[in-house]
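# Analysis of the macromolecular model
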Amino acid sequence: NPDIWWHLSAGRWMARHLALPRTDFLSHTMAGAKWVDFEWGAQLIYHGLYSSFGARGLLALKLLLLGATVWTSVRLLALYGLGPSARGLGALLLCAAILPVSDLRPDNFSLLFFNVLLFRLEAHRLGLEPPHRRTWAAAGLFFAVWANLHLAFLYGLLLIAIYAGAEGVQALLPLVYGRGKAGSRRDCRRY
């Protein structure tokens, strides 16, 4: 996955053939084997940037993705009322955590998208961002893009399921503790 030249080769092939690759043409041991390229969107972006701007374009994309990931994390910490020092420490710890995998790879899109999703879910949970009908359309577009950049969009769906499950459990707590009927499951269904 971290082989940028593999991704550039796949992107170049797609741009030339105007199609997704169906068989492996890049490896010696698996040449001709069926290939489901689930990172095709990232590969086309890499190819386009490299063709237009060279390695500088790829470096700029990497800095943009990782920088936006750290920025979104800092915003998430601000939701909890943490001060500048704590947010700065959180950013520093995140930078240290992602340093070993900070080469340009499709996972970078998932780091950013997961952080954005977590931020939005927490803002909603804390009552800072009420749901709107536009949110559903935006969420659909968000996941459609993410699903074509990297397979880890499944972790995003799992995160939403965790939030839905937590709302469902919270609605059942009055019944479990013998303090009346179960609460509304509206928020659980909304997730």
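This report concerns the structure included in the present document.

Analysis parameters
Residues numbered from 1 in each chain as written. Predicted model: local features only at pLDDT ≥ 70, side-chain atom pairs only at ≥ 80, totals over all residues. Heavy atoms only, no water. Helix = DSSP H or I, 4+ residues; strand = E, 2+ residues; numbered from the N terminus. Buried < 20%, exposed > 50% of the residue type's maximum accessible area, 1.4 Å probe, protein only. Contact = heavy atoms within 4.5 Å. Lys, Arg positive; Asp, Glu negative; His and termini not counted. Charge placed at Lys NZ, Arg CZ, Asp CG, Glu CD. Phe/Tyr/Trp six-rings, centres within 6.5 Å; stacked < 30°, edge-to-face > 60°. Axes fitted to C-alpha atoms, helices over the stretch in contact; angles between N-to-C directions. Parallel < 35°, antiparallel > 145°, perpendicular 65-115°, else oblique. Nonpolar A, V, L, I, M, F, W, Y, C, P; charged D, E, K, R; others polar. Core = buried A, V, L, I, M, F, W, Y, C linked by side-chain atoms within 4.5 Å.

Right, let's talk about the overall build of the protein chain for a bit. Counting its regular elements, the protein chain contains 8 helices and 0 strands. Secondary structure elements of the protein chain, listed N to C terminal, follow the sequence α-α-α-α-α-α-α-α. Principal-axis analysis of the C-alpha atoms places the extent of the protein chain at approximately 65 × 40 × 30 Å. Counting every position in the protein chain, which comprises 191 residues, the buried fraction comes to 32%. Considering only intrachain contacts with a sequence separation of at least 6, the fraction spanning at least 24 residues in the protein chain is 64%. Averaged over its 19 positive side-chain charges, the protein chain has a centre that lies 10 Å from the centre of its 10 negative ones.

In this section: the packing of aromatic side chains. According to the stated counting rule, one finds 10 aromatic pairs in the structure shown. Note on F143 and W146: the rings are 5.6 Å apart at their centroids and 25 degrees apart in plane angle, and the pair reads as stacked. In this pair, F143 and W146 are both assigned in helix 6 (residues 133-147), 3 residues apart and thus about one turn of the helix distant. A relative accessible area of 13% means that F143 is categorised as buried. A relative accessible area of 0% means that W146 is categorised as buried.

To continue, consider unusual backbone geometry. A positive phi angle, close to 50 degrees, is found at L18, a residue other than glycine. Following the sequence through the fold, L18 ends up in the loop between helix 1 (4-17) and helix 2 (40-53).

Looking now at the packing of helix 2 against helix 3 (residues 55-79). It is at 6 Å that the axes of helix 2 and helix 3 come closest, and there the two elements cross at 130 degrees. It follows from the interaxial angle that helix 2 and helix 3 lie oblique. Facing I45, Y46, L49, Y50 and F53 of helix 2, the residues of helix 3 in contact are A55, R56, G57, L58 and L61. Partitioned by chemical class, the residues of the contact of helix 2 with helix 3 number 8 nonpolar, 1 polar and 1 charged.

Below, the discussion takes up the nonpolar core. In this structure, Y46, F109, L117 and L121 are the most contacted members of the largest nonpolar core, which totals 22 residues. Residues in contact with F109, not counting those within four places in the same chain, are A42, I45, Y46, L61, L65 and L149.

Such coordinate-based values are descriptive only and should not be taken to indicate function.
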